[in-house]
Amino acid sequence: MKIDLNLSPIENHLENPNWPILIAGPCSAESEEQMLDTAYRLKASKRVSYFRAGIWKPRTRPGSFEGVGEIGLEWMRTVKRETGLPTACEVANAEHARLAIEYGVDVLWVGARTSANPFSVQEIADCIRGCPVTVLVKNPVNPDLQLWIGALERINRAGITRLAAIHRGFSAYEKTPFRNAPLWNIAIELKTTCPELPIICDPSHIAGVRELVPLIAQKALDLDMHGLMVEVHDNPAVAKSDAAQQLLPADYARMIYDLRLREVSPAKTGTLSRLDAYRQEIDTLDDGIMQQLAQRMELSREIGRYKKENNLMVLQLSRWEEILHNRVAMGRAMGMGDGFVKKFLELVHEESINLQAEIMNEKP
Ligand code: PEP
Ligand code: MN
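Thresholds, definitions, all that
Residues numbered from 1 in each chain as written. Chains lettered and ligands numbered in written order. Predicted model: local features only at pLDDT ≥ 70, side-chain atom pairs only at ≥ 80, totals over all residues. Heavy atoms only, no water. Axes fitted to C-alpha atoms, helices over the stretch in contact; angles between N-to-C directions. Helix = DSSP H or I, 4+ residues; strand = E, 2+ residues; numbered from the N terminus. Parallel < 35°, antiparallel > 145°, perpendicular 65-115°, else oblique. Left-handed = near helix turned anticlockwise from the far one by under 90°. Contact = heavy atoms within 4.5 Å. Nonpolar A, V, L, I, M, F, W, Y, C, P; charged D, E, K, R; others polar. Core = buried A, V, L, I, M, F, W, Y, C linked by side-chain atoms within 4.5 Å. Buried < 20%, exposed > 50% of the residue type's maximum accessible area, 1.4 Å probe, protein only. Near = heavy atom within 4 Å. Polar contact = N/O pair within 3.5 Å; in protein donor to acceptor, adjacent residues only side chain to side chain. Areas by Shrake-Rupley, 256 points an atom, 1.4 Å probe, with all protein chains shown as cover. Patch = residues over 30% accessible without salt bridge, like charges linked within 9 Å, V, L, I, M, F, W, Y side chains within 5 Å. Salt bridge = Lys/Arg side-chain N within 4 Å of Asp/Glu carboxyl O. Domains from an automatic or database assignment. Buried area = accessible area lost by both parts, 1.4 Å probe.

## Points about the packing of helix H4 (residues 118–128) against helix H5 (residues 145–157)
Line of reasoning, step 1. Between H4 and H5, the least distance of the axes is 9 Å, while the angle of their chain directions is 20°. With respect to their mutual orientation, H4 and H5 come out roughly parallel. Helix-helix and strand crossings are classified by hand; for H4 and H5 the assignment is right-handed. Packed against H4, whose contacting residues are Pro 118, Val 121, Gln 122, Ile 124 and Ala 125, the element H5 presents Leu 147, Ala 151, Arg 154 and Ile 155 at the interface.
Line of reasoning, step 2. Partitioned by chemical class, the residues of the contact of H4 with H5 number seven nonpolar, one polar and one charged.

## Looking at the nonpolar core
Line of reasoning, step 1. Core analysis: the biggest nonpolar cluster contains 74 residues, and Ile 155, Leu 190, Leu 228 and Tyr 252 have the highest contact counts within it.
Line of reasoning, step 2. Setting aside residues up to four positions removed in sequence, Leu 190 forms contacts with Leu 145, Trp 148, Ile 149, Leu 152, Ala 165, Leu 197 and Ile 199.
Line of reasoning, step 3. If you look at the next biggest cluster of nonpolar residues, it comprises 12 residues, including Ile 10, Ile 21, Ala 88 and Leu 136.

## Thoughts on the site of ligand 1
Line of reasoning, step 1. Around ligand 1, a shell composed of Cys 27, Arg 52, Lys 57, Glu 90, Trp 109, Gly 111, Ala 112, Arg 113, Lys 138, Arg 168, His 205 and Glu 231 is seen.
Line of reasoning, step 2. Residue Lys 138 places a side-chain N or O atom 2.8 Å away from an oxygen atom belonging to ligand 1.
Line of reasoning, step 3. His 205 has a polar side-chain atom sitting 3.4 Å from an oxygen atom of ligand 1.
Line of reasoning, step 4. Taking 290 Å² as the accessible area of ligand 1 by itself, protein coverage stands at 97%.
Line of reasoning, step 5. Classifying every residue of the shell around ligand 1 by side-chain character gives three nonpolar, two polar and seven charged.

## Looking at a nonpolar patch on the surface
Line of reasoning, step 1. Taken together, the side chains of Met 330, Met 334, Met 336, Phe 340 and Phe 344 present a nonpolar region at the surface, about 520 Å² in accessible area.
Line of reasoning, step 2. We classify Phe 340 as exposed; its relative accessible area is 53%.

## Some remarks on the domain arrangement of the protein chain
Line of reasoning, step 1. Domain boundaries in the protein chain define domain 1 (21–262) and domain 2 (275–360).
Line of reasoning, step 2. If you average the C-alpha positions of domain 1 and of domain 2, the two centres end up 38 Å apart.
Line of reasoning, step 3. If you look at the interface, domain 1 gives eight residues, while domain 2 gives seven residues.
Line of reasoning, step 4. Across the domain 1/domain 2 interface, buried area totals approximately 730 Å², and carbon plus sulfur atoms make up 51% of it.
Line of reasoning, step 5. Across the contact surface, domain 1 and domain 2 share zero salt bridges.
Line of reasoning, step 6. By residue class, the composition of the side of domain 1 that touches domain 2 is three nonpolar, one polar and four charged.

Below is the structure:
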């Protein structure tokens, strides 16, 4: 099913208009110095289209830092005046939207918790009806494509045509290597449903740790996404929210320079070389292998706890021999060499024994 949205282009403000839209800045506005320092450093990278900062922070548990509020909008205005960078912030209700527009914020984004709630999205849409702002709609926290599309439609029907989606991953109950499961297929399905709608990836909230941000950013570009929103802080160690996933401005610049940026000549859009397609498939398979390995290790820890409680031996030789025998035969039937499967299993088994031994030796 195709969805018709009335769209107009979003400016990317970069030297080369073929580059993806790059939105960067701290998770939260914390002080005027932090905002200006981060913004100046980002500006120096020449790879930022919009400066972002959270003014009101939706926190999972009460008592965490909930944002500086209206004063942060004054700092945003200062950033824009001093650095010339256009600005972006999250809005979760009509009052936020009214204030952000009053302070001249250029881009508003609807956060993942808000886009899951049609009442709040409609309230924001009614408040900004006809305003010349750009709006980005993050995917809802739950993996529901229709809810995401519904939120985009509500904003679009309020006359907002500079509109894009942000893919920031989805909550998952199971343990995954990422803070939010990317579920790339949902973003791809959105692209197929609304081919004209730009999709910007937020690798920071998918990754949850800074080391994995470049991996996700590259994957997003390989999937032909139109931009990135990345959390950057001038001193992530003291950040009041999302400290583990924010990059230093210099690391952000390095990441962007190292990315294989897609060429967007209209003729090439949507076409991937055969090699790229194979690599994407390999990446997706590797994601799955990593997730399963992590789940297996978590189970080993569980077993370790059980053995400890019941005073059982860590190494149970007969069980290990059975695993080796079965899996090598299984591998052989699937066209994999005995030596390879054995080596792989030995590595996994060794790690699993080590984890269990660590648990056994933990002081109560
Ligand atoms: C954010 O961008 O800082 C944020 C709170 O994002 P999300 O709504 O994706 O959790
Ligand atoms: Mn954040």
